[in-house]
Amino acid sequence: MFGLFAVLVAALLRSYKTRMTTNRFEMKFSSTALKNVLATICMLAIGFAGGHMLFAQTPPPPTPTLDPAAAPAKPAIDVNEAVQKARALIEGMDSNFADAPSREALQELEKLIEDIQAADPAQPWLTYLLGRAYGLAGRNGDAIDQLRKFVQTRDGRNEWQAHRVLGDMFVGEFPRLAQGSYEKAAELNPNEASVLTGLSNCANRAGNLDEGIRLARLAVEADSYKNVRYAHRLARALMARQQWDEAEKEALKALGIAEDRVQKQPGKRIGLQILMEQYGLLIELSSARITASTAVDAQAYIRLADLTGVRADIMNRLARHDQVAILESAVTRTAPDTPMALRQKYAAYLAEAGRTDDAIAEYEKMIAAEPDNKPAAESLAQLRSAKDRGKTPGAP
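Conventions we followed
- Residues numbered from 1 in each chain as written.
- Predicted model: local features only at pLDDT ≥ 70, side-chain atom pairs only at ≥ 80, totals over all residues.
- Heavy atoms only, no water.
- Helix = DSSP H or I, 4+ residues; strand = E, 2+ residues; numbered from the N terminus.
- Buried < 20%, exposed > 50% of the residue type's maximum accessible area, 1.4 Å probe, protein only.
- Contact = heavy atoms within 4.5 Å.
- Areas by Shrake-Rupley, 256 points an atom, 1.4 Å probe, with all protein chains shown as cover.
- Axes fitted to C-alpha atoms, helices over the stretch in contact; angles between N-to-C directions.
- Parallel < 35°, antiparallel > 145°, perpendicular 65-115°, else oblique.
- Left-handed = near helix turned anticlockwise from the far one by under 90°.
- Phe/Tyr/Trp six-rings, centres within 6.5 Å; stacked < 30°, edge-to-face > 60°.
- Lys NZ or Arg CZ within 6 Å of the ring centre and 35° of its normal.
- Expected span 1.5 Å × (residues − 1).
- Core = buried A, V, L, I, M, F, W, Y, C linked by side-chain atoms within 4.5 Å.
- pLDDT = per-residue confidence, 0-100.

## Observations concerning the overall build of the protein chain
Part 1: When helices and strands are counted, the protein chain shows 18 helices and 0 strands.
Part 2: Buried residues in the protein chain amount to 36% of all 396 residues.
Part 3: Within the protein chain, contacts between residues separated by at least 24 positions form 55% of all contacts whose residues are at least 6 apart in sequence.
Part 4: A total accessible area of about 23700 Å² is found for the protein chain, and carbon and sulfur atoms account for 55% of it.

As structure tokens, this is what we get:
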């Protein structure tokens, strides 16, 4: 600013000097002009000094600072821990072969995936988790796209489960692609029962029945008859070869595993569903034997009728679970003023479905609301007595 002031003063002085030179030859220089020049210089000096002070006294606007409390907080999660938790959740869903994953489990998995995406969009396991989530939700096309991306990564190439799941998704329509995926999974985990049974399925679809039986036996041996699905698969492989006696032996082993599960978890619908499937296998086997036989075996027909009756009983028990779900919805919607007749019926169906603890809790609520409710008191006493004896109502 002072540099500009100096330039203006210099210009005025040059103008004054020029006028003095001119007047030396023409006329006497006017004192008024000199006074005007000096007045102008003084005014400029005052103006520039005042402007300098004005600008000097006006501080620059402060730089805004962000309040950490006001800023949106990023999800504080351990990404690796979230990945491990999501994988464990998926493996838990995989173990429920006969039942769809619950809505709560899918929502938990979705939340974990969202948190991982927000914290680390480049997380290498994200495509695997997305693929598995899509598969569990029935979106197989999207699942295959994500899993194919994953198996091309460094982590994915060595993850046998990703290859196995791709095989499971391909096997229905593209058995050759499925076999390639299962073979890669077998290279990484050669003694895995789920991979061996997948290869057995591919062999049967290709018409190589003996290889299908061999691989199914290896799967059963790897599993040591802990899981019903592998004995079930072996029975079907033997049925394809019409090895009826061997097939029935394996089918009965599968049935035993399913019955044991129902005994250990009497109130679980999935156990009854698996049990019904094993009776369905035995009915299919008995029907096939009757059809393949040239002679009429009366005992075979009697056995088939008995098996059909047992399966019908299991279906009725499954219907009890459906009835419980209906009444459970009504109880939830009418709470806390649920009609006593609705509570009574709900508790009775809970007991018949094998959910003894839930039935006891419901009867206790009724008695707390109506101490003179004799039917509820009698039902509660019967349930407690049965529980003390170790017998669950509704169990086979």
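## Regarding the environment of Gly135
Part 1: Note on placement: Gly135 falls in helix α5 (residues 126-136).
Part 2: Placed 12 residues apart in sequence, Gly135 and Leu147 show a C-alpha to C-alpha distance of 9.8 Å.
Part 3: In this structure, Gly135 is in contact with Asn140, Ala143 and Met169, ignoring residues within four places of it in sequence.

## Details of the packing of helix α3 (residues 79-94) against α5
Part 1: Following both chains from N to C, one finds α3 and α5 inclined at 30°, their axes separated by 11 Å at the closest point. Classified by the angle their axes make, α3 and α5 are roughly parallel. When you trace α3 past α5, the crossing you get is left-handed. Between α3 and α5, the residues in contact are Val83, Ala86, Arg87, Ile90, Met93 and Asp94 and Tyr128, Leu129, Arg132 and Leu136, respectively.

## Considerations on the packing of aromatic side chains
Part 1: The tally for this structure, following the rule as stated, stands at 4 aromatic pairs.
Part 2: When the centroid spacing of 5.4 Å and the interplanar angle of 90° are considered together, the rings of Trp125 and Tyr128 count as edge-to-face. Both residues of the pair, Trp125 and Tyr128, count as buried.
Part 3: On the basis of an interplanar angle of 80° and a centroid distance of 6.4 Å, the ring pair of Phe170 and Phe174 is categorised as edge-to-face.
Part 4: Among the aromatic residues, ring-to-ring pairing joins Trp125, Tyr128 and Phe150 into one connected group.
Part 5: We note Arg87 situated over the ring of Trp125; from NZ or CZ to the ring centre the distance is 4.0 Å.

## Some thoughts on helix α16 (residues 340-352)
Part 1: The end-to-end C-alpha distance of α16, which contains 13 residues, comes to 19 Å, matching closely the 18 Å that a straight helix rising 1.5 Å per residue would cover.
Part 2: Just past α16, the residue Gly354 takes up positive phi, approximately 90°.

## Some details on the nonpolar core
Part 1: Within the largest apolar cluster, 76 residues are counted, with the highest numbers of intra-cluster contacts made by Leu109, Ile113, Ile116, Tyr128, Leu129 and Leu275.
Part 2: The element that contributes the greatest number of residues to this core is helix α14 (residues 269-292), accounting for 11 residues.
Part 3: Dropping the residues within four chain positions of it, Ile116 is found in contact with Ile77, Val79, Ala82, Val83, Pro121, Gln123, Leu126 and Leu129.
Part 4: Counting residues in hydrophobic clusters, the runner-up holds 17 residues, among them Val324, Leu327, Leu350 and Leu383.

## Concerning the confidence of the model for the protein chain
Part 1: When the pLDDT values of the protein chain are averaged, the result is 83; 78% of them are 70 or greater.
Part 2: Across the protein chain, element-level confidence peaks in helix α11 (residues 209-223) with a mean pLDDT of 97 and bottoms out in helix α1 (residues 2-25) with 46.
Part 3: When the criterion is pLDDT under 50, residues 1-13 qualifies, and its contacts beyond four places in sequence or with other chains add up to 18 contacts.
Part 4: A low-confidence stretch, residues 68-72 stays under pLDDT 50, and its non-local contacts, those more than four residues away or across chains, total 0 contacts.

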